[in-house]
Every structure is written in C-alpha cells, then in structure tokens.
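Here is how the chains run, residue by residue.
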Amino acid sequence: MQDKAEEKVEAPQETEDRQVDDETMKRFFKDAIKLLPAMQRLVITLKLYEGLELKQVSTVLGYEEPRVVEYYRGAISALQQMAERAILTNRLEQWKMKF
C-alpha cells in the first residue's frame, strides 16, 4: 500500500499536455456545435452550457419533452460522429507524415 507521500505525482509536461488537449477538445466541440442544425444546437446549448434539464429545455422551447430528447440525442450522435472523423483524419495525417 502506498501512503500519501508515495502517491504518483504527474510530471509538469504531462499536466501541460493534458491542458493543451483539454483546450483543443473544448475548441473542437465549440466549433462542432456551430455545425449542428439550429434546434439541435439550441437544445445542446441550453443543456450543456446553461445547465438546464431536458424537461426545462422543453418548457423553455415550448416543445414536448420527447421531441427535445430526440433533438438532444441527434446532437450527441452528430458530435460523436464529428469527433470520430476528426480523430481518424488526425491519425491519417500523422501516418502520412511518417512517410
């Protein structure tokens, strides 16, 4: 068992790299959200940035909750697909640089 003095401490470079990665991800998702259809963008913004529950979002927008859930799921799915494509594109570019 490790005591408190023996706990792993991250190297400064690892912490800096993680901060850069976090900032890159935040910037990516901020830009990706702008590419969503208007209602998906509005729902995801109210949910993630304003902290509203989907029930509250439905009240604010005047839509039934199942419809808001549909917009939210569509937004999440689209963002996942965009992230996957970006990762694949980045890996391809890194691979190309090796040759």
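Caption draft 1: Looking closely at the overall build of the protein chain. Check the secondary structure of the protein chain and you find four helices and zero strands. In sequence order, the protein chain lays out its α and β elements as α-α-α-α. Burial status across the protein chain gives 19% buried among its 99 residues. Sequence-distant contacts, at least 24 apart, represent 48% of the contacts inside the protein chain between residues at least 6 apart. Total accessible area computed for the protein chain in this model is approximately 8,200 Å², and 55% of it derives from carbon and sulfur atoms.

Caption draft 2: Spatial organisation of the packing of aromatic side chains. In this structure the tally under the stated criterion is two aromatic pairs. Relative to F29, the ring of F28 has its centre 5.0 Å away and its plane inclined at 80 degrees; by these criteria the two rings are edge-to-face. Look at F29 and you get partly exposed, because its relative accessible area is 29%. Judged by centre distance (6.0 Å) and plane angle (80 degrees), the ring pair of Y63 and Y71 falls under edge-to-face.

Caption draft 3: How the structure looks around the packing of helix 3 (residues 54-61) against helix 4 (residues 65-98). Where helix 3 contacts helix 4, the axes come no closer than 9 Å and their chain directions differ by 110 degrees. Between helix 3 and helix 4, the angle is such that the two are roughly perpendicular. Here helix 3 contributes L54, K55, V57 and S58 to the contact with helix 4, which in turn contributes E65, V68, V69 and Y72.

Here is what the cut-offs are and how they apply
- All residue numbers refer to position in the chain's written sequence, counted from 1.
- In keeping with the predicted nature of the model, local features appear solely for residues at pLDDT of at least 70, side-chain atom pairs appear and are counted solely at 80 or more, and the whole-chain, interface and lining totals rest on all residues.
- Water and hydrogen atoms were dropped before computing side-chain values, which therefore reflect all heavy atoms in the structure.
- Comment: elements are numbered from the N terminus, with helices defined as DSSP H or I runs of at least four residues and strands as E runs of at least two.
- Residue burial is assigned from relative accessible area. The probe radius is 1.4 Å, only protein chains are included, and a residue is buried under 20% of its type maximum, exposed over 50%, and partly exposed in between.
- Any pair of residues with heavy atoms lying within 4.5 Å of one another is described as a contacting pair.
- Working definition of accessibility: Shrake-Rupley area with a 1.4 Å probe, residue cover restricted to the visible protein chains.
- Only Phe, Tyr and Trp rings are paired, with Trp represented by its six-membered ring, and only when their centres lie within 6.5 Å; those with planes under 30 degrees apart are stacked, over 60 edge-to-face, the remainder tilted.
- An axis is simply a line fitted to the C-alpha atoms; with a helix, the fit covers only the stretch in contact. Between two such axes, the angle follows the N-to-C directions and lies from 0 to 180 degrees.
- Should an angle lie under 35 degrees it is considered roughly parallel, over 145 roughly antiparallel, and from 65 to 115 roughly perpendicular; all remaining angles are considered oblique.

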